Amino acid sequence: MCGTCGCEGDAGVRLTTLPDDAAHPHPHGPSGDTGRTVVLEARVLAKNEDLAVRNRRSLAGRGIVVVNLMSSPGSGKTTLLERTVRELGVQWPVAVIEGDQETHLDAERIRATGCPVVQINTGAGCHLDADMVRRGLEALDPPDSSLVLVENVGNLVCPALFDLGETARVVVMSVPEGDDKPVKYPHMFRTADLVLINKADLLPYVDFDPERCARQVRSLHPAAEVLQISATRGDGMPAWYGWLRALRPGLLPPG
């Protein structure tokens, strides 16, 4: 098991540019020596940080914006990506890296929009890391000044630990999950540049206080922005697109 997060490191990682499939070894191997857990964690994270720095420099040099989308399973990330690709992609070249433990289901949904997509299957691994994203970017080869959206593995713990070399981090939470997610998973929300409260169309039907949730987020990270959206109905999506555009000032016209 991985000393950093407990994922099954020997399960392997598969990166797929649909419809081809290729196997890759998981970047962290199994470790049964609990006495070395802290050392292993430090080494894994240090190696990842070095790779993330390289990713960030390379991407910045090409004017490519990478956004790391993190959430628990079922928050609506893939639906959000589908709508974003269709509506924002007419103005800005967009590509997607899909992270999941198994299946190509989400990548198939994104490919149906006409967007370039690479699927990374982590096996029992519970997060993407900088090397997986590097390989995904090599397979995608996005054009300069484009946008790459990374759908991380559904998990509110481990993805927060691993810098991918991204431009910004977005945490997507949904109304049915409850408004206490920030205080239950503080490290994830401390790393967020933006928190999207998705499925806002369900607010009349569930016990969710958006203001209380926003206060919790800002108590953890005062600079974080919070937006309410409905990826299915379209509520709040212009504000989301505006936030993305602001990551590269002057790249896109307003509207």
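Residues numbered from 1 in each chain as written. Predicted model: local features only at pLDDT ≥ 70, side-chain atom pairs only at ≥ 80, totals over all residues. Heavy atoms only, no water.

Asks: Quick question: what am I supposed to make of the environment of Thr167 here?
Replies: Along the polypeptide, Thr167 turns up in the loop between strand E6 (147–151) and strand E7 (168–174). Each C-alpha atom, one on Thr167 and one on Asp193, is 9.8 Å from the other, the two residues being 26 residues apart in sequence. Setting aside residues no more than four positions away along its own chain, Thr167 makes contact with Ile64, Val65 and Val66. (Helix = DSSP H or I, 4+ residues; strand = E, 2+ residues; numbered from the N terminus. Contact = heavy atoms within 4.5 Å.)

Asks: When you look at unusual backbone geometry in this model, what are you seeing that I'm missing?
Replies: When glycine is set aside, most residues are seen to have a negative phi, and most peptide bonds are trans. Positive phi, normally seen in glycine, also occurs at Asp141, with a value near 50°. Considering the arrangement of structural elements, one finds Asp141 in the loop between helix H4 (130–140) and E6. With a phi angle near 60°, Ser145 is a residue other than glycine that sits in the positive phi range. Residue placement: Ser145 occurs in the loop between H4 and E6.

Asks: Would you mind showing me how to read the nonpolar core here?
Replies: Nonpolar side chains in soluble globular proteins generally cluster together in the buried interior. If you look at the biggest cluster of nonpolar residues, it comprises 29 residues, and the most contacted ones within it are Leu147, Val170, Leu196 and Trp240. When residues of this core are traced back to their parent elements, those giving at least two are strand E3 (65–71), helix H2 (77–88), strand E4 (94–100), helix H3 (105–111), E6, E7, strand E8 (194–198) and helix H8 (237–245). Examining the composition of this core, we find that five residues originate from one element, H8, more than from any other. Non-local contacts of Leu147, meaning those with residues more than four positions away in its chain, are made with Val65, Val67, Leu88, Trp92, Pro93, Val94, Ala95 and Leu244. Met70, Phe189, Ala192 and Cys213 belong to the second-largest nonpolar core, a separate cluster that totals 17 residues. (Core = buried A, V, L, I, M, F, W, Y, C linked by side-chain atoms within 4.5 Å. Buried < 20%, exposed > 50% of the residue type's maximum accessible area, 1.4 Å probe, protein only.)

Asks: What is the right way to look at the pattern of salt bridges in this model?
Replies: One side chain can pair with another of opposite charge once the charged atoms of both are near each other. Tallied over the full model, the rule gives 14 salt bridges. Two residues, Arg83 and Glu87, come together in a salt bridge whose shortest N-O distance is 3.1 Å. You can see Arg83 and its partner Glu87 sitting in helix H2, four residues apart, about one turn around the helix. Taking the relative accessible area as the measure of exposure, Arg83 reaches 22% and is therefore partly exposed. Exposure remark for Glu87: the relative accessible area of 34% places this residue in the partly exposed category. Among the ionic pairs, Arg233 bridges to Asp235, the shortest N-O distance being 2.5 Å. Assessed through its relative accessible area of 53%, Arg233 is described here as exposed. (Salt bridge = Lys/Arg side-chain N within 4 Å of Asp/Glu carboxyl O.)

Asks: Quick question: what am I supposed to make of the pairing of E3 here?
Replies: Regular strands place side chains that alternate from one sheet face to the opposite one. Among the seven residues that make up E3, seven are buried, leaving the element largely enclosed by the rest of the structure. Of the two faces of E3, the one holding Val65, Val67, Leu69 and Ser71 and the one holding Val66, Asn68 and Met70 are both buried throughout. As paired elements, E3 and E7 share five bridges and run parallel to each other. Its bridge partner lying in E7, Ser71 is registered against Val172. (Pairing = 2+ DSSP bridges.)

Asks: Just to check I follow, could you spell out the packing of aromatic side chains for this structure?
Replies: Any pair of aromatic rings gets described here by the distance separating the centres and the angle formed by the planes. Here the structure, examined in full by the defined rule, presents one aromatic pair. The interplanar angle of 10° and the centroid separation of 6.1 Å between the aromatic rings of Trp240 and Trp243 together place this pair among those described as stacked. Linking Trp240 with Trp243, this pair stays in helix H8, spanning three residues, or about one helical turn. Like Trp243, Trp240 is buried. (Phe/Tyr/Trp six-rings, centres within 6.5 Å; stacked < 30°, edge-to-face > 60°.)

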